[in-house]
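# Fold and contact review
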Amino acid sequence: MFRQVGHEVGERIAQIHAGHGVDVRCGTSVERLVGAADRVTHVALSEGTCLPADLVVIAIGSVPAVGWLAESGLHLTDGVDCNRYCLATPEIAAAGDVASWAHDDLGQIRMEHRTNATEQAMTAARNLLGQRIPFRPIPYFWSDQYGTKLQVFGRTGPDLAFRRLIDHAKTDVWCGVYLTGDRIVGALAWSMPFAARTLRSAVANQARLSDLIEYLSGQVPSSRPERGFQRVRGSSP
Ligand SMILES: Cc1cc2nc3c(=O)[nH]c(=O)nc-3n(C[C@H](O)[C@H](O)[C@H](O)COP(=O)(O)OP(=O)(O)OC[C@H]3O[C@@H](n4cnc5c(N)ncnc54)[C@H](O)[C@@H]3O)c2cc1C
């Protein structure tokens, strides 16, 4: 998870799995599957170890199935290339995993999340009907890992500074933000769904870290509504 959420969060996720008896091995790769007849019996790792195996699950991501569009004349780089309105041509839109579009803030991107597929389809449909609404969602995914609920908003990853904000170590409930300078560009709630709305708003508004800390400690004066942690501007429908 290092590439997705950075080192600190990746470590914590690995710990959850290790705590449930999973032997997590990083920095090594599968060299070959060893078997007899039609059954795999072992997995040989690049470090030289050979692990016994009854069943092998290969999780290596996905690529959009656009082969059938090869002769269509559409631009196919990473999926179907679309403009900021999810349109590949004035009359063809793409949405969901297959669509790569020009996000106003994040550049050309493709997302593989259910929420994105739903929201993008709504915007694409409106634009096909003649409206011109740029699709600029706050990227979001959630994942339930054993008893832990992860909710992640905006930009994350090892290239951004990460700051943990609230940490109830006893119950393993906490949240953190990803920063560009002092601006919040991403956030993560760790078994903290009640904070998700505030974190999403902070990301949507690229709030200052100091303002969010102040807000979370209940000290934001009501005379500063422009900080807008509860209102989300520029989000998808
Ligand atoms: C194992 C797994 C776990 C996931 N877990 C999560 C999660 O926890 N949270 C989350 O947000 N997202 C999760 N996702 C991602 C989520 O499932 C996808 O982002 C979402 O399903 C995308 O929706 P879609 O409609 O764009 O594509 P799909 O759901 O892939 O639907 C595309 C459909 O088009 C069909 N199709 C393809 N080619 C053709 C063709 N030529 N003609 C006709 N039909 C065609 C396919 O058969 C498929 O039914 C997970 C994905 C996987 C694989």
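Residues numbered from 1 in each chain as written. Predicted model: local features only at pLDDT ≥ 70, side-chain atom pairs only at ≥ 80, totals over all residues.

Our next topic: the environment of leucine 128. Along the chain, leucine 128 falls in helix α2 (residues 114-128). Note: C-alpha distance between leucine 128 and valine 152 (24 residues apart in sequence) is 30 Å. (Helix = DSSP H or I, 4+ residues; strand = E, 2+ residues; numbered from the N terminus.)

Overall, antiparallel pairing links the five strands, which are arranged β9-β10-β13-β12-β11 in an open sheet. Both outer strands of the open sheet, β9 (140-145) and β11 (161-168), are each paired with one neighbouring strand and no more. Adjacent strand axes in the sheet meet at a mean angle of 15° when their direction is disregarded. In this sheet, strand β13 (residues 183-190) lies alongside strand β10 (residues 148-154) in antiparallel orientation, the contact comprising five bridges. The residue bridging glutamine 151 from the neighbouring strand is alanine 189, located in β13. Of the strands in this sheet, β11, β12 (173-180) and β13 touch helix α4 (residues 209-216), which is tilted by about 5° from β11. (Pairing = 2+ DSSP bridges. Axes fitted to C-alpha atoms, helices over the stretch in contact; angles between N-to-C directions. Contact = placed C-beta atoms within 7 Å.)

The domain architecture assigned to the protein chain consists of domain 1 (2-52), domain 2 (67-128) and domain 3 (140-227). Each of domain 2 and domain 3 has a C-alpha centre, and these two points are 28 Å apart. (Domains from an automatic or database assignment.)

Here we take up the nonpolar core. Among the nonpolar cores identified, the biggest contains 24 residues, and Cys175, Ile184, Ala187, Leu188, Leu199 and Val203 are the most heavily contacted of them. Ranked by residues supplied to this core, first place goes to β13 with six residues. If sequence neighbours within four positions are ignored, cysteine 175 has contacts with Leu165, Ile166, Ala187, Leu188, Ala189, Trp190, Met192, Ala195 and Leu199. Val80, Ala88, Ala94 and Ala95 belong to the second-largest nonpolar core, a separate cluster that totals 11 residues. (Core = buried A, V, L, I, M, F, W, Y, C linked by C-beta atoms within 7 Å. Buried ≥ 20, exposed ≤ 12 C-beta atoms within 10 Å, placed from the backbone.)

This next bit is on unusual backbone geometry. Phi at alanine 37 takes a positive value of approximately 50°, unusual for a residue other than glycine. Positioned with a positive phi, glutamine 206 is a non-glycine residue whose angle comes to about 45°. Structurally, the position occupied by glutamine 206 is in the loop between α3 (196-204) and α4. Using a count of 16 C-beta atoms within 10 Å as the deciding quantity, one classes glutamine 206 as partly exposed.

Right, let's talk about the site of the ligand for a bit. The ligand sits among Ala65, Trp68, Gly96, Asp97, Val98, Glu112, His113, Arg114, Thr115, Ala117, Phe141 and Ser143. Elements with a contribution of two residues or more to the shell around the ligand: α2 and β9. The element best represented in the shell around the ligand is α2, accounting for three residues. For the shell around the ligand, the per-class residue count stands at five nonpolar, four polar and three charged. (Near = placed C-beta within 6 Å. Nonpolar A, V, L, I, M, F, W, Y, C, P; charged D, E, K, R; others polar.)

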